Amino acid sequence: MNTFGERFRLTTFGESHGEGIGGVIDGMPSYVKIDLELLKEHMQRRKGGLNRYSTQRKEEDEVQILSGVFEGFSTGTPIGFFIKNSQNKSSDYDNIKDIFRPSHADFTYFHKYGIRDYRGGGRASARESAARVAAGAFASMLLKEFDIKIQGGIYSIGNIEAKNIDYSYAMQSEIFSLDKEKEPLQKDLLEEIRKSHNSIGGSVLISASNLPTGLGEPLYHKLDSAIGEAFMGLNGVKAVEIGLGAKSSQYDGKSYNDTMDSKGFISNNSGGILGGISNGEEILIKVHFKPTPSIFLPQNTQNTKGEACICNIKGRHDPCIAIRGSIVCQSMLALILADMLLLNASSNLNNLKKIYG
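Here the structure is a predicted model, which is why all the values come from computation and not from measurement.

(A) Broad picture of the pairing of strand β18 (residues 308-311). Alignment of strand β17 (residues 299-302) against β18, held across four bridges, turns out to be antiparallel. In the strand pairing of β18, Gln299 is matched with Cys311. Counted between consecutive antiparallel strands, the loop separating β17 from β18 contains five residues, among which Gly306 sits at a positive phi close to 85 degrees.

(B) The arrangement of helix α5 (residues 183-195) in detail. Compared with an ideal rise of 1.5 Å per residue, which puts 13 residues at 18 Å, α5 spans 18 Å between its outermost C-alpha atoms and is within 8% of the ideal. Inspection of α5 places Glu183, Gln186, Lys187, Leu189, Leu190, Glu191 and Ile193 among the buried residues, and these make up the whole buried set. In this structure, the buried side of α5 is in contact with β8 (149-157), β9 (160-161), α4 (167-172) and α8 (321-344). The first or second residue beyond α5 is His197, which carries a positive phi of 65 degrees.

(C) Layout of a nonpolar patch on the surface. Together, Leu349, Leu352, Ile355 and Tyr356 make up an exposed nonpolar region whose accessible area comes to about 460 Å². Mapped onto the elements, Leu352 comes out in helix α9 (residues 349-356). Given the relative accessible area of 33%, Leu352 is considered partly exposed.

(D) Representation of the packing of helix α6 (residues 223-232) against α8 within the structure. The N-to-C vectors of α6 and α8 enclose an angle of 140 degrees; their axes lie 10 Å apart at closest approach. For α6 against α8, the interelement crossing comes out right-handed. Seen from α6, the contacting residues are Leu223, Ala226, Ile227, Ala230 and Phe231; seen from α8, they are Cys329, Met332, Leu333, Ile336, Leu337 and Met340. A class-by-class count of the residues in the contact of α6 with α8 yields 11 nonpolar, no polar and no charged.

(E) Structural view of the packing of helix α1 (residues 36-46) against α8. For the pair α1 and α8, the least separation of the axes is 7 Å and the interaxial angle reads 140 degrees. Between α1 and α8, the crossing angle belongs to the class labelled oblique. Contacts between α1 and α8 involve His42, Arg45 and Arg46 from the first element and Arg324, Ile327, Val328, Gln330 and Ser331 from the second. Here the residues of the contact of α1 with α8 sort into two nonpolar, three polar and three charged.

Analysis parameters
Residues numbered from 1 in each chain as written. Predicted model: local features only at pLDDT ≥ 70, side-chain atom pairs only at ≥ 80, totals over all residues. Heavy atoms only, no water. Pairing = 2+ DSSP bridges. Helix = DSSP H or I, 4+ residues; strand = E, 2+ residues; numbered from the N terminus. Expected span 1.5 Å × (residues − 1). Buried < 20%, exposed > 50% of the residue type's maximum accessible area, 1.4 Å probe, protein only. Contact = heavy atoms within 4.5 Å. Patch = residues over 30% accessible without salt bridge, like charges linked within 9 Å, V, L, I, M, F, W, Y side chains within 5 Å. Areas by Shrake-Rupley, 256 points an atom, 1.4 Å probe, with all protein chains shown as cover. Salt bridge = Lys/Arg side-chain N within 4 Å of Asp/Glu carboxyl O. Axes fitted to C-alpha atoms, helices over the stretch in contact; angles between N-to-C directions. Left-handed = near helix turned anticlockwise from the far one by under 90°. Nonpolar A, V, L, I, M, F, W, Y, C, P; charged D, E, K, R; others polar. Parallel < 35°, antiparallel > 145°, perpendicular 65-115°, else oblique.

Structure below.
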């Protein structure tokens, strides 16, 4: 499946080493102001080659808008866009064209489809996320009309976790670190991992604030279930937590429950979602990424004939995919919330009467 969303729908196409990556957005209302600087800024945060903490594949990632925009506004028709691949180095993968990288989707894609696109992983490559970030920028333009704000950054690299969360600092950080004090330790670990030709896992913290109460479609398209499905669909993600997440199982009810007073909720252990519906509080999501499977160390594996062999790879790979995954996660949340806004518009008769009188 290559299409995401119910009302705000994104269909993506393209491979890591094909002509490019692109997408079609269906459902964007007309008259939304198209902020090209915001689009450029989002794509810049996902780009590789900016420093030694990410892949050295230096794509320009310029988004060519093909349709759905006129004189600076959305027209209400499908928005088509394309991002050219200009830095393909497929020869880096010649030595593993018949070899599976351990813990990589190479193995399962081959056994599912029977075709081996070894050039950077083809459709299984995180290169596809460029389309999600572009689409997320368009979704953010819609959310901006309602003053909904999405922020995020790196919560942990390995076991080095942020203690003092600062979203504004993450925007200045080379690795989007949320904690100014922990950033040097996280960078030191990344440098150690990079020099040893290995990789490391990490986690991302995402926040959405100023949401209306009522977003989410029970029972089978709850806001939290949509978040879980979308985020687990990202390459390399192995766990997603909302609010206290896994720690919720360690609490008793009195300690966990988000009690209220006349001003509203006193705590936010639920992470802004109750019964699959937004409760107006800040949505908090933690996303855990596994280590990049492509590492520059010899590993035991199989070839396409099922024979045991050694995998030795070349190429350009991220020492920690969570770093660039930060903006991808924010983009996915923007897409989910834009979709939920549109779905909620027809949830009750009063809403319809406001439209039709």
